[in-house]
Amino acid sequence: MIDIARAHILTLEKLENLSSKFYNLGNGEGYSVLELVNVAKKVTGVDIPLRICPRRLGDPAVLVASSSLAKKELGWKPQFPELESIIESAWRWMRKHPNGYGQ
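Presented here is an overview of the structure given in this document. A quick note: this is a predicted structure, and the numbers were derived from the prediction, not measured. (Residues numbered from 1 in each chain as written. Predicted model: local features only at pLDDT ≥ 70, side-chain atom pairs only at ≥ 80, totals over all residues. Heavy atoms only, no water.)

Some points on the overall build of the protein
At step 1: When its secondary structure is counted, the protein shows four helices and zero strands.
At step 2: Traced from its N-terminal end to its C-terminal end, the protein shows the element sequence α-α-α-α.
At step 3: Its C-alpha radius of gyration of 16 Å places the protein more than 25% over the 13 Å reference for a compact globule of 103 residues.
At step 4: Each principal axis of the C-alpha atoms in the protein carries an extent, and together these give about 50 × 40 × 20 Å.
At step 5: By the burial criterion, 20% of the 103 residues in the protein qualify as buried.
At step 6: Nonlocal contacts in the protein, meaning residues at least 24 apart in sequence, comprise 74% of its contacts between residues at least 6 apart.
At step 7: In the structure as shown, the protein presents an accessible area of about 8,100 Å², 58% of it carried by carbon and sulfur atoms.
At step 8: Averaging the locations of the 14 positively and 11 negatively charged side chains of the protein gives two centres separated by 2 Å. (Helix = DSSP H or I, 4+ residues; strand = E, 2+ residues; numbered from the N terminus. Rg over C-alpha atoms; globule rule 2.2 N^0.38 Å. Buried < 20%, exposed > 50% of the residue type's maximum accessible area, 1.4 Å probe, protein only. Contact = heavy atoms within 4.5 Å. Areas by Shrake-Rupley, 256 points an atom, 1.4 Å probe, with all protein chains shown as cover. Lys, Arg positive; Asp, Glu negative; His and termini not counted. Charge placed at Lys NZ, Arg CZ, Asp CG, Glu CD.)

Quick look at the structure:
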């Protein structure tokens, strides 16, 4: 959450002198849904039920987001680049704000 908020602030500052632009905030690493769920189970201690299914028609086999443009133009880099630290950060925030923002 912190990484995304920082990127939004940097983008707003940059937009004072530019027109609208899109920045991808991926870390350049690809993870499967199974990897994501397994790390989430480890971090949260919650047994997340799984149902293994074939890939849906039209879903890409691999999808990896790169933040190279955000790094170059905004000077942004993820504070939490590893999957475990990303999930830990989000899980901490969710536990602190169980009803979302403004609660």
